[in-house]
Amino acid sequence: MTKKQVLRNILIVTCAVVLVAVYLVAFFKPGVWHRNAFLYREADGVYSGTDEFAEYRLQVQGDELSFTVNDITRRYTVKTVGDAVTIREEETVLFSGKVLPFGDTYMLENENGELEIPITIIAGGVSPEESELFPNVNQLYEWAVVREDSVRGDFGALAVLLISALFLALDLIFPNLFFYLSHGLAVDGGEPSAFYRFGQTVSRILLGLLMVWSVFETFNRY
């Protein structure tokens, strides 16, 4: 391997390591989901984020919450006594009922015995009204009572990124490794052909593109 090839490989590996490091930092940033927007935690109980429709800001202080869509703010309270739950927007009661355990999660059942099932419909090319961008009672209960932060990244995309980075690094550092693993036991001596080297170059490009795609896919979907 020539000095030029060594420097090129070091540069490629360095770029891959930087890409993985930046992705991991973004991946594990805590926050909460609202619709398809991820609201990053700025401070304890304070979150903000955006999507194609609006800018959002959430503040949680005990059983009191405020949620802002662009410049419009609504304030809520979530009161719980045992399994009884009452959710208000200012003085208006949005929900009164109880919480039901449902496996690892929960469901809200109103006083009429009906489950509060959140359904969001986004029609292609149609922007929702600002009033439709505010949280539903399930989200309000989760933010005020459950209070579990999520992470931004996607574990499937992370697996693709790490596996691609590993194979790319091994192929660059040990360029004959996969050749010998595939043919070493069946061939006595011999070196990879020019055609094999061409395919190796193509596979390296594809692995790099796959890494970039996995990052793009994670943060472009939401």
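Placed above this text is the structure.
Basis of the calculations
- Residues numbered from 1 in each chain as written.
- Predicted model: local features only at pLDDT ≥ 70, side-chain atom pairs only at ≥ 80, totals over all residues.
- Heavy atoms only, no water.
- Pairing = 2+ DSSP bridges.
- Helix = DSSP H or I, 4+ residues; strand = E, 2+ residues; numbered from the N terminus.
- Expected span 1.5 Å × (residues − 1).
- Buried < 20%, exposed > 50% of the residue type's maximum accessible area, 1.4 Å probe, protein only.
- Core = buried A, V, L, I, M, F, W, Y, C linked by side-chain atoms within 4.5 Å.
- Contact = heavy atoms within 4.5 Å.
- Salt bridge = Lys/Arg side-chain N within 4 Å of Asp/Glu carboxyl O.

Judged from the four bridges that link them, strand β1 (residues 30-34) and strand β2 (residues 37-43) form a sheet pairing that is antiparallel. Opposite Trp33, over in β2, you have Phe38 as the bridge partner. The antiparallel hairpin formed by β1 and β2 contains two residues in its connecting segment, where Arg35 sits at a positive phi of about 55°. Where β2 lies against strand β3 (residues 46-50), three bridges are found, and the strand directions are antiparallel. Bridge pairing in β3 links Arg41 to Tyr47. Hairpin connection, β2 to β3: the antiparallel pair is bridged by two residues, and Gly45 has positive phi, about 80°.

Here we come to the sheet that holds strand β8 (residues 92-102). Read from one edge of the open sheet, 10 strands run β9-β8-β7-β6-β5-β4-β3-β2-β1-β10, paired in antiparallel fashion. The sheet is open, and its two edges are formed by β9 (105-110) and β10 (150-151), each paired on a single side. Bridge analysis of β1 against β10 gives two bridges, and the strand direction is antiparallel. When the sheet's bridge partners are listed, Pro30 is paired in β10 with Val151.

Structural remark: α-helix, 3.6 residues per turn; residues separated by three or four positions point the same way. Here helix α1 (residues 3-27) is 25 residues long and its end C-alpha atoms lie 36 Å apart, about the 36 Å a rise of 1.5 Å per residue gives. Three or more residues of α1 are buried, namely Asn9, Ala16, Val20, Tyr23 and Phe27.

As a further point, take the nonpolar core. In terms of nonpolar packing, the biggest core is built from 26 residues, with Leu58, Leu65, Phe67 and Ile87 touching the most fellow members. Here the element with the most residues in this core is helix α2 (residues 137-146); it accounts for five residues. Not counting residues within four places of it along the chain, the set of residues in contact with Leu58 comprises Val32, Leu39, Gly45, Val46, Tyr47, Leu65, Ser66, Phe67 and Trp143. If you look at the next biggest cluster of nonpolar residues, it comprises 13 residues, including Ala16, Phe27, Leu172 and Val215.

Overall, the coordinates contain six salt bridges when judged by the stated rule. Across the pair Asp63 and Lys79 runs a salt bridge whose closest N-O atoms are separated by 2.8 Å. Taken as a pair, Asp63 in the loop between β4 (55-61) and β5 (64-69) and Lys79 in strand β6 (residues 72-81) lie far apart in primary sequence, 16 residues in all. The exposure class assigned to Lys79 is partly exposed, which follows from its relative accessible area of 42%. With a closest N to O distance of 2.7 Å, Asp171 and Arg204 form a salt bridge. Taken together, the residues Asp171 in helix α3 (residues 155-173) and Arg204 in helix α5 (residues 194-220) connect sequence positions 33 residues apart. Judged by its relative accessible area of 16%, Arg204 is buried.

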